[in-house]
Amino acid sequence: MVDSTLAIAAPPTREDVVPSRKRIKLPAWLEVAKPRLIPLLLATTLGGMALSEGWPLSSPRLVCTLGGGALASAAAGVLNCLWEQDLDARMKRTSGRALPSGRLSARGAFFGAVACTLAAAMLLISGVNCLAAGLSLLGLCSYVLLYTALLKPRTSQNIVIGGVAGAIPPLVGAAAATGHVGLGGWWLFGLVMVWTPAHFWALALLLREDYRSVGIPMLPVVKGPVVTARAIHRYGWATVLLSSLGLFALPSGGWFYGLLLIPFNARLVQMVNGLAADPESLTGAKGLFRWSILYLFGICLLLVLSRTAMASTLDQQIWMVLQGH
């Protein structure tokens, strides 16, 4: 009975929160590239493209942008693993990763990161433009240097400021489409920035004992679950409010986007309110973490769909109704 009780009370691992980690064992060289993070970054890149007047892009430019973005993200993931390999070795849930377990050498990982960075730069410069390449490399540097090296070990607001790294892909997408970053790209940049703390702190609530064990000052470690749940509630509502401005940021299809956004935001409000009411609920934190991923994917999908002919037709019909025609 004692063992059973302890098992029930034990906090979830990252593998419990993200079940695919248990089902799929990646090769060491691929594991350090953190491929599970890349699809969402590419989705926000597409969102940045859809917000520009240059949408849709030609197939070669689209492939080069997404390919370069994926390579830059992979390089950032490898450099992050290299920087934190000693930290990972001290944490139970990460000690089996490729670098601390010795399945991959630090030298091999470093040269892999350099190769990915150079390939990303060449692909983006030759197939897209220098602005997109520069922004992509800025995202890489901000993740490794600003977030991982500078902020993460020093402040509980690390993800608030360091979230800029994950918010840069929409700027890359906008730059790829038009050669400059317009209002729509900056709006999606801001949306990802305010979405990130609620998303990450939900995971940090589940893994706070891991972070405490190695002295990483994540907000749940420093302030506890009650303060963290309140902060998640604030950022969740900020996400809802800012996401609504997409109706005006889109060159066309704004009404289509706004109507389909309602159920996404309703569910997000329900989950952040529920966690604020019960900050100790691991089920609530796990549900919010998973939904927040689907939420951002959904926003980007709505942005792309809003630029279709169907969405433009719906917009025209709504405007005619509003004007009394």
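Before any of the text, the structure's been laid out above.
Residues numbered from 1 in each chain as written. Predicted model: local features only at pLDDT ≥ 70, side-chain atom pairs only at ≥ 80, totals over all residues. Heavy atoms only, no water.

**What about the overall build of the protein chain?**
The criterion, for reference: Starting at the N terminus, helices and strands are each numbered in turn, a helix being any DSSP run of H or I of at least four residues and a strand any DSSP run of E of at least two. Here the radius of gyration uses the C-alpha set of atoms, whereas the globule reference equals 2.2 Å times the residue count to the power 0.38. When accessible area is computed with a 1.4 Å probe and restricted to protein chains, residues below 20% of their type maximum are described as buried, those above 50% as exposed, and intermediate ones as partly exposed. Contact between two residues is taken to exist if any of their heavy atoms lie within 4.5 Å; hydrogens are not considered. Per-residue and other accessible areas follow the Shrake-Rupley method at a 1.4 Å probe size, with only the shown protein chains counted as cover for residues. When charges are counted, Lys and Arg contribute as positive and Asp and Glu as negative, whereas His and the chain ends are disregarded. Think of each charge as sitting on NZ of Lys, CZ of Arg, CG of Asp or CD of Glu.
When you go through the protein chain residue by residue, the secondary structure sums to 20 helices and zero strands. Taken over C-alpha atoms, the radius of gyration comes to 21 Å for the protein chain, in line with the 20 Å a tight globule of 325 residues would show. The principal-axis extent of the C-alpha atoms belonging to the protein chain is close to 70 × 50 × 35 Å. Each of the 325 residues in the protein chain was classed as buried or not, and the buried ones make up 49%. Taking all contacts inside the protein chain whose residues are at least 6 apart in sequence as the whole, residues at least 24 apart take part in 74%. Counting only carbon and sulfur atoms, one obtains 68% of the accessible surface of the protein chain, whose full area is about 15000 Å². A gap of 3 Å separates the mean positions of the 25 positive and 13 negative side-chain charges of the protein chain.

**Quick look at the side chain of K152**
Here K152 lies in the loop between α9 (130-151) and α10 (158-162). When near neighbours in sequence (up to four residues on either side) are disregarded, K152 contacts E84, Y147, N158, I216, P217 and M218.

**A word on a nonpolar patch on the surface**
Here is the rule we go by: Residues with no salt bridge and a relative accessible area higher than 30% make up the patches, which join like charges within 9 Å and nonpolar side chains (Val, Leu, Ile, Met, Phe, Trp, Tyr) within 5 Å. The term salt bridge refers to a side-chain nitrogen of Lys or Arg lying within 4 Å of a carboxyl oxygen of Asp or Glu.
Nonpolar side chains collect at one region of the surface, where F110, F111, V114, L118 and M122 lie side by side and expose about 500 Å² of accessible area between them. Structurally, F111 can be placed in helix α8 (residues 106-127).

**Quick notes on the packing of aromatic side chains**
We apply this condition: Only the six-membered ring of Trp is used, alongside the rings of Phe and Tyr, when aromatic pairs are assigned; centres must lie within 6.5 Å, and planes under 30 degrees apart are stacked while those over 60 apart are edge-to-face, with the rest tilted.
Scanning the entire structure with this criterion turns up six aromatic pairs. When the centroid spacing of 5.4 Å and the interplanar angle of 80 degrees are considered together, the rings of W186 and F189 count as edge-to-face. In this pair, W186 and F189 are both assigned in helix α13 (residues 183-206), three residues apart and thus about one turn of the helix distant. For F189, a relative accessible area of 16% puts it in the buried group. With a centroid separation of 6.3 Å and an interplanar angle of 90 degrees, the aromatic rings of W187 and Y257 are classed as edge-to-face. One end of the pair, W187, is in helix α13; the other, Y257, is in helix α18 (residues 254-277), with 70 residues separating them in the sequence. Here W187 matches Y257 in class, with each residue buried.

**Observations concerning the packing of helix α16 (residues 225-244) against helix α19 (residues 282-305)**
When two helices pack together, their arrangement is captured by the angle between the axes and the distance separating the axes. Put simply, the rule is: Inter-axis angles, ranging from 0 to 180 degrees, are taken between N-to-C directions of lines fitted to C-alpha atoms, where helices are fitted over the stretch in contact. Under this scheme an angle from 65 to 115 degrees is roughly perpendicular, one under 35 degrees roughly parallel, and one over 145 degrees roughly antiparallel; angles in between are oblique. With the far helix as reference, a near helix turned anticlockwise by less than a right angle produces a left-handed crossing, and one turned clockwise produces a right-handed crossing. We call Asp, Glu, Lys and Arg charged. Ala, Val, Leu, Ile, Met, Phe, Trp, Tyr, Cys and Pro are nonpolar, and the rest, Gly among them, are polar.
Where α16 contacts α19, the axes come no closer than 13 Å and their chain directions differ by 15 degrees. Compared by their axis directions, α16 and α19 come out roughly parallel. Pair α16 / α19 crosses with left-handed handedness. Residues I232, T239, V240 and S243 of α16 touch α19, and the partners they reach there are L288, Y295 and I299. Grouping the amino acids of the contact of α16 with α19 by side-chain chemistry returns five nonpolar, two polar and no charged.

**Quick word on the side chain of E84**
Summarising the element assignment, E84 is placed in the loop between α6 (59-83) and α7 (85-90). Classification of E84 as buried rests on a relative accessible area of 6%. Excluding residues within four positions of it along the chain, E84 makes contact with T148 and K152.

**A closer look at α8**
Threshold: A helix is expected to reach a length of 1.5 Å times the quantity of its residues less one. Note that the arc is computed from the directions linking the helix axis to the C-beta atoms.
Look at α8: 31 Å from first C-alpha to last across 22 residues, which is about the 32 Å you get at 1.5 Å a residue. Of all the positions in α8, only A109, A113, A120, A121 and L124 are classed as buried. Burial along α8 is one-sided: seen end-on, the buried residues are contained in an arc of 105 degrees. Seen from the open side of α8, the exposed residues pointing more than 90 degrees away from its buried face are R107, L118, M122 and S126.

**So, the pattern of salt bridges**
Applying the stated criterion to the full structure yields five salt bridges. E31 is the partner of R103 in a salt bridge, and the nearest nitrogen-oxygen pair spans 2.8 Å. One end of the pair, R103, is in the loop between α7 and α8; the other, E31, is in helix α4 (residues 28-31), and 72 residues separate them in sequence. Given a relative accessible area of 18%, E31 falls into the buried group. The shortest N-O distance in the salt bridge between R97 and D88 comes to 3.3 Å. On the accessibility criterion, R97 (21% relative accessible area) is partly exposed. Assessed through its relative accessible area of 3%, D88 is described here as buried.

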